Amino acid sequence: MRITTKLILLCCILASCFSPLLGCSSSDPTPVTVTSTAPQFTTHPTNASVTAPNTATFTVAVTGTPTPTLKWQLSTDGGSTWGDINGATSTSYTTAATTSGNNGHKYRAVATNSASSVTSNVATLTVANPAAWGAAPNLRFADGTSNLNAVYVDFALNSTGDAMAVFVQNDGTNDNLLANRYTVSDGWGTPQLIETSSANVQASINPVEGPRVAINASGSAVAVWAQNDGSGNIGIWANSYTVAGGWKTAQLIDTTDVNPGRHSDVPQVGIDGNGNAIAVWHKYDGTLRSVWANQMSSNGTWGSPFKLENNDTDPAVYPSIAMNAAGQAVVTWTWTDATQVNYGLVAARYYNGSSWGTVQTIATGTDTTGSIQKCSVGIDPNGIALAVWPQMEGGVLKIKANRYSGGWGSPQNVSAGTEHALDVDIAMNASGSAVAVFLQYSSSTPNVYASRYLPGSGWDTAVSVESFADQAAISPRAAIDSNGNSFALMGRIMNASAGRLRANRAPVGSSWGSDVSVDGVSYTGAPMSWRIAADGSGRAMALWVQEGPNGAFNRVYFNRYE
């Protein structure tokens with residue numbers, strides 16, 4: 001009896017110990033309860049701004065039990081009414097390609113589960129129109145009255161979008177030089193006379209023969225021009241501008257050796273970030289043409305003019321200059337011997353605002369194998385320079401290029417084909433990218449071509465950038481913004497008395513688009529003396545001279561790409 005009791009007691013103890021392992025319980029089972037929680041947005045959609053036709057994406061993050069479902073909604077009336085977007089049920093929603101009609105549309109997400117339904121914050125879509133040239137020029141400097149006739153214009157644009165323009169205007173007796181300043185905040189100011197001589201400022205519709213201006217990032221500017229002293233002797237003059245002090249008094253920066261055969265022309269100018277400037281020009285002393293220079297300190301004081309090259313037997317002509325903010329500059333010019341058989345393109349460098357280097361040869365040729373025409377040059381913040389020029393090769397004028405990076409390399413072809421190429425212009429940005437535009441003939445008709453330079457890759461294949469292959473193009477001009485978007489501005493001859501001004505743009509990494517009208521003026525006169533430049537925000541500006549309405553005198557016109 002005692003053994004039986006003990007066995008029963010042991011069995012009870014074992015059953016008590018192992019019943020949890022066997023899934024048994026000594027008490028009644030308790031049912032498991034799942035608790036639902038309402039959806040909660042941990043990330044709400046935020047406002048988005050795009051430029052058409054780019055898309056916009058809105059994103060949310062949401063919690064809740066059970067996992068909520070999502071649907072996106074759209075309001076096109078400022079939030080008064082909402083509608084579901086078909087198929088938009090994920091945590092992110094991307095719009096279709098946008099248009100200006102999508103501007104102001106509002107988006108939200110709705111999260112729903114068995115516990116509740118909640119709505120996210122509202123996000124607004126802002127859609128900007130893509131940048132484009134204005135439909136018509138929106139400013140003119142010259143009045144266009146019977147005694148005011150614009151002849152020539154040049155301008156410079158800095159990285160912030162501010163500009164300085166100089167233009168020649170006839171008062172009925174003399175050609176005078178005026179300036180006008182543009183700021184992004186205030187637009188154009190009032191034209192101001194910056195020279196007071198009673199003699200003519202030298203200018204023509206040829207872009208290389210008129211006054212030139214340069215501007216730096218702080219808005220300081222310097223203008224140079226050739227001016228007749230009234231006796232047929234032409235010298236180089238200059239004036240400088242600061243935002244705080246305005247324009248100073250014009251002064252002769254050329255030599256004063258007046259004689260009946262002396263004249264200087266084709267002035268060019270550069271300015272650095274501190275307001276120091278260098279002017280260059282070519283000078284004829286009655287026997288020989290040579291290249292001269294003068295330097296201005298940041299306080300507006302000019303030094304003495306000096307001869308930049310030491311060749312006293314061969315004529316030197318058509319200097320070009322590029323100068324960066326650090327004070328480095330490169331000047332190029334062409335020379336030919338007295339027999340006009342041998343040609344050369346040379347360069348002089350100004351180092352870090354302190355000294356001139358040795359004149360170096362960039363290219364050479366002969367009248368049959370390599371005559372060289374006017375060069376265009378650019379420089380980046382590191383002092384790397386690119387020079388482009390037309391040169392005869394095998395009986396065909398071709399566009400050549402050379403690059404300076406610690407030393408000049410070997411010339412290479414930029415243009416291709418068997419037709420003449422000429423009239424080249426280059427623009428270079430702070431990253432060392434560049435674009436060159438030039439004329440190239442197709443049969444007897446000159447068309448505009450462009451080639452882009454990318455550091456590390458070199459020049460790409462030149463392509464046509466205008467759509468009127470049967471009509472002659474003239475005087476292409478180049479610009480490039482800080483991102484590498486390239487611009488070409490060109491004249492198009494429609495007939496003997498009329499023409500139009502057109503532009504094209506190549507986004508960085510993409511092909512050139514279609515050329516569009518820039519002048520938008522329905523007058524009979526052809527545009528003249530045009531310029532283009534781009535700033536650090538992707539905007540571009542063009543200025544030119546054109547006949548006013550109803551046969552009025554020439555005016556200076558302006559348009560912007562923005």
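All values derive from a computational prediction rather than experimental measurement. (Residues numbered from 1 in each chain as written. Predicted model: local features only at pLDDT ≥ 70, side-chain atom pairs only at ≥ 80, totals over all residues. Heavy atoms only, no water.)

K.L.:
Hey, could you run me through the overall build of the protein chain in this one?
P.N.:
A count of helical and extended segments in the protein chain gives one helix and 45 strands. Looking at the 562 residues of the protein chain, the share that counts as buried comes to 50%. The contacts in the protein chain between residues at least 6 apart in sequence include a share of 50% that link residues at least 24 apart. (Helix = DSSP H or I, 4+ residues; strand = E, 2+ residues; numbered from the N terminus. Buried < 20%, exposed > 50% of the residue type's maximum accessible area, 1.4 Å probe, protein only. Contact = heavy atoms within 4.5 Å.)

K.L.:
Would you mind going over the pairing of strand β27 (residues 342–351) with me for this structure?
P.N.:
In regular strands, side chains alternate between the two faces of the sheet. Taken across its ten residues, β27 has eight buried, putting it largely inside the fold. Pairing analysis gives eight bridges linking strand β26 (residues 329–336) to β27, with the strands arranged antiparallel. In the strand pairing of β27, Trp335 is matched with Gly344. In this structure, β27 lies alongside strand β28 (residues 355–356), joined through two bridges in antiparallel fashion. By the bridge assignment, Tyr351 is partnered in β28 with Ser355. The antiparallel hairpin formed by β27 and β28 contains three residues in its connecting segment, where Asn352 sits at a positive phi of about 50°. (Pairing = 2+ DSSP bridges.)

K.L.:
What exactly am I supposed to notice about the packing of aromatic side chains here?
P.N.:
When we look at a pair of aromatic rings, we describe it by the centre distance and by the angle of the planes. Under the definition given, this model contains 15 aromatic pairs. With centroids separated by 5.8 Å and ring planes inclined at 45°, the aromatic side chains of Tyr182 and Phe558 adopt a geometry described as tilted. Of the two residues, Tyr182 sits in strand β13 (residues 175–183) while Phe558 sits in strand β45 (residues 554–561), which places them 376 residues apart along the sequence. A relative accessible area of 7% means that Tyr182 is categorised as buried. (Phe/Tyr/Trp six-rings, centres within 6.5 Å; stacked < 30°, edge-to-face > 60°.)

K.L.:
I'm lost on the confidence of the model for the protein chain in this one. Help?
P.N.:
Reading fine detail from the predicted coordinates is not recommended where pLDDT is low. Scored by pLDDT, the protein chain comes out at a mean of 86, with 85% of its residues at no less than 70. Here residues 1–27 is a poorly scored stretch, pLDDT under 50, and it has one contact once near neighbours within four places are set aside; other chains count. Taken as a whole, residues 204–208 scores under 50 in pLDDT and shows 14 contacts with residues more than four places along the chain or in a different chain. (pLDDT = per-residue confidence, 0-100.)

K.L.:
I keep staring at the environment of Asn47 and nothing clicks. Help me out?
P.N.:
Topologically, Asn47 is positioned in the loop between β1 (37–43) and β2 (48–51). In this structure, the C-alpha to C-alpha distance between Asn47 and Lys106, residues 59 residues apart in sequence, is 8.8 Å. Leaving out residues up to four positions away in the same chain, Asn47 has contacts with Val122, Ala123 and Thr124. Only 2.8 Å separates the side chain of Asn47 from the backbone nitrogen of Thr124, close enough to count as a polar contact. (Polar contact = N/O pair within 3.5 Å; in protein donor to acceptor, adjacent residues only side chain to side chain.)

K.L.:
Which parts of the structure should I look at to understand the nonpolar core?
P.N.:
One broad trend across soluble globular proteins is that nonpolar side chains are buried collectively. The biggest cluster of nonpolar side chains holds 18 residues, and the ones touching the most others in it are Phe58, Trp72, Tyr93 and Leu125. Elements with a contribution of two residues or more to this core: β2, β5 (69–75), β8 (106–112) and β10 (123–128). (Core = buried A, V, L, I, M, F, W, Y, C linked by side-chain atoms within 4.5 Å.)

K.L.:
Would you mind showing me how to read the pattern of salt bridges here?
P.N.:
When the charged atoms of two side chains with opposite charge come close together, those side chains can pair. What the rule picks out here adds up to twelve salt bridges. For Asp84, the salt bridge goes to Lys71, with nearest N and O atoms at 3.7 Å. Of this pair, Asp84 sits in strand β6 (residues 83–84) while Lys71 sits in strand β5, and the two are 13 residues apart along the sequence. In this structure, Arg539 engages Asp535 in a salt bridge whose closest nitrogen and oxygen atoms are separated by 2.7 Å. The exposure class of Arg539 is buried, given its relative accessible area of 18%. On the basis of relative accessibility, which here comes to 3%, the residue Asp535 falls in the buried class. (Salt bridge = Lys/Arg side-chain N within 4 Å of Asp/Glu carboxyl O.)

K.L.:
Sorry if this is basic, but what is going on with the sheet that holds strand β31 (residues 385–393) here?
P.N.:
Whenever strands of a sheet pair, they do so through backbone hydrogen bonds, lying parallel or antiparallel. With antiparallel pairing, four strands are arranged side by side in an open sheet as β30-β31-β32-β33. Strand pairing shows two members of the sheet lacking a second neighbour, β30 (376–379) and β33 (412–413), which therefore form its edges. In the sheet, β30 pairs with β31 via four bridges, with the strands oriented antiparallel. When the sheet's bridge partners are listed, Ser376 is paired in β31 with Val388.

K.L.:
Help me understand the side chain of Asp425 in this model?
P.N.:
By the secondary structure assignment, Asp425 is in strand β34 (residues 421–428). Of the side chains with opposite charge, Arg477 comes closest to the buried, unpaired Asp425, at an N-O distance of 4.7 Å. In this structure the side chain of Asp425 is engaged in a polar contact, spanning 3.4 Å, whose partner is the side chain of Ser376. A polar atom in the side chain of Asp425 sits 2.9 Å from the backbone nitrogen of Ala478. Beyond its immediate sequence surroundings of up to four residues, Asp425 is in contact with Ser376, Val435, Ala436, Val437, Pro476, Arg477 and Ala478. (Lys, Arg positive; Asp, Glu negative; His and termini not counted.)

K.L.:
Which parts of the structure should I look at to understand the sheet that holds strand β43 (residues 528–534)?
P.N.:
The three strands lie next to each other as β43-β44-β45, forming an open sheet whose pairing is antiparallel. Taken across any chain shown, the strands that pair with only one partner, and hence form the sheet edges, are β43 and β45. With strand direction ignored, the average angle separating the axes of adjacent strands in the sheet is 15°. (Axes fitted to C-alpha atoms, helices over the stretch in contact; angles between N-to-C directions.)

K.L.:
Even after reading the chapter, I still don't get unusual backbone geometry, so can you show me in this structure?
P.N.:
A cis geometry characterises the amide bond from Ala52 onward to Pro53, with omega recorded as 10°. For the bond from Thr65 to Pro66, the omega torsion is -5°, close enough to zero to count as cis. When you line up the elements, Pro66 lands in the loop between β4 (61–65) and β5.

K.L.:
Looking at this structure, I do not really get the side chain of Lys400. What am I missing?
P.N.:
Within the secondary structure, Lys400 sits in strand β32 (residues 396–404). When its relative accessible area of 8% is taken as the criterion, Lys400 is described as buried. At 2.4 Å, the side chain of Lys400 and the side chain of Glu393 are in polar contact. Ignoring sequence-local partners within four residues, the contact set of Lys400 consists of Ala387, Val388, Trp389, Gln391, Glu393, Gln412, Asn413 and Val414.

K.L.:
What am I meant to see in the environment of Asn274 here?
P.N.:
Structurally, Asn274 can be placed in the loop between β21 (263–271) and β22 (277–284). Spatially, the C-alpha atom of Asn274 lies 9.5 Å from that of Asn299, the residues being 25 residues apart in sequence. In this structure, Asn274 is in contact with Asn216 and Ser298, ignoring residues within four places of it in sequence.

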